[in-house]
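Analysis of the macromolecular model
Take a look at the letters that make up each chain.
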Amino acid sequence: MFKCFHCGDDLRWNNDFDAEEDYEYLIVSMYECMNEDCKAWYEIYHGLKDTQSDEKMAILAKWKQKVGEKKADQIRDDAAARGTVMHRIIEGYVTGEGHVDLSPMGQAAGLMAQIVFKEGLKGRMDEVWGSEITLYYPDLYAGATDLVGVYEGQPAIIDFKQSNKIKKREWIEDYFVQLAAYAMAHNHVYDTKIQSGVILMCTKDNYFQKFVVKDKEFQRYMWEWVRRVDLYLSRT
């Protein structure tokens, strides 16, 4: 559960205000503080649209044209719902609180979560610094990551991903940039020295993949994130 920066209370996702294709961002998620006396709102941005390459935007547009707008929306919505449940169940494993969803999608997502935890997390987390936490770099950007802590001996940002198909490493560089952005925010606010990131992914067919980026490669993605932020700011 995300925490409010102002009062420390829990934040609640308000999907009434989510935008999949906002003017400037690929995805915007809205969260509100559950403290009635605070009522702070947060916008969680996932990927600056203005910094995406023309090639990537063209590929997305071509796919939508191929499958049809309605089908593309359905695939996107199903993946988002499945991913949300999977994340919630993994968080339950990490915190020890547990979470069960007996709906058909919940059972499918539950098996995916079990695979991610067993293959990617169990016995590998030396320390858990935070689960489902909001991170921000003052006056620049904010986001939310799934897990922060010491993973296999190294401080790391860990993100869980569901996928409709098996991914090649070169296809998910944006995920690595996202990890680097979260690490930079955490390092700045909490004076840590995170230099690695981990993607733990499971397909809807229950195929597990693990991607680790660290050290000089991770620093390269940090610089790529700085480049994207500079590009965005130069266009505003």
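Here's what I pulled together on the structure shown here. From a predicted model like this one, the values you see are computed outputs, not experimental measurements.

**Considerations on the overall build of the protein**
A count of helical and extended segments in the protein gives 5 helices and 8 strands. Looking at the protein residue by residue over its 236 residues, the buried ones come to 42%. When contacts within the protein are restricted to residue pairs at least 6 apart in sequence, long-range pairs at least 24 apart make up 58% of them. In the structure as shown, the protein presents an accessible area of about 13400 Å², 51% of it carried by carbon and sulfur atoms.

**Focus on helix α3 (residues 104-121)**
Here α3 is 18 residues long and its end C-alpha atoms lie 25 Å apart, about the 26 Å a rise of 1.5 Å per residue gives. Turning to α3, its buried residues number three or more, namely Gly106, Ala109, Gly110, Met112, Ala113, Ile115, Val116, Gly120 and Leu121. With its phi angle positive at about 80 degrees, Gly123 sits one or two positions after the end of α3.

**Focus: the environment of Met86**
By secondary structure assignment, the location of Met86 is in helix α2 (residues 69-95). A relative accessible area of 0% places Met86 in the buried class. Distance in space between the C-alpha atoms of Met86 and Gln107 is 9.4 Å, their sequence separation being 21 residues. Ignoring anything within four residues of it in the chain, the contact list for Met86 reads Ala109, Met112, Ala113, Phe160, Lys161 and Gln162.

**Let's talk about the pattern of salt bridges**
Counted according to the given criterion, the structure contains 7 salt bridges. Arg227 is the partner of Glu224 in a salt bridge, and the nearest nitrogen-oxygen pair spans 2.8 Å. Placement of the pair is Glu224 and Arg227 together in helix α5 (residues 215-234), with a separation of 3 residues, close to one helical turn. Residue Arg228 is joined to Glu224 by a salt bridge in which the shortest nitrogen-to-oxygen separation is 2.9 Å. Note that Arg228 and Glu224 are positioned in helix α5 at a spacing of 4 residues, about one turn of the helix. Each of the salt bridges in this network shares a partner with another, and the network as a whole consists of Asp174, Glu224, Arg227 and Arg228.

Reading the values: the criteria
Residues numbered from 1 in each chain as written. Predicted model: local features only at pLDDT ≥ 70, side-chain atom pairs only at ≥ 80, totals over all residues. Heavy atoms only, no water. Helix = DSSP H or I, 4+ residues; strand = E, 2+ residues; numbered from the N terminus. Buried < 20%, exposed > 50% of the residue type's maximum accessible area, 1.4 Å probe, protein only. Contact = heavy atoms within 4.5 Å. Areas by Shrake-Rupley, 256 points an atom, 1.4 Å probe, with all protein chains shown as cover. Expected span 1.5 Å × (residues − 1). Salt bridge = Lys/Arg side-chain N within 4 Å of Asp/Glu carboxyl O.

It is worth stressing that arrangement in space is one thing and function is another; only the former is reported here.
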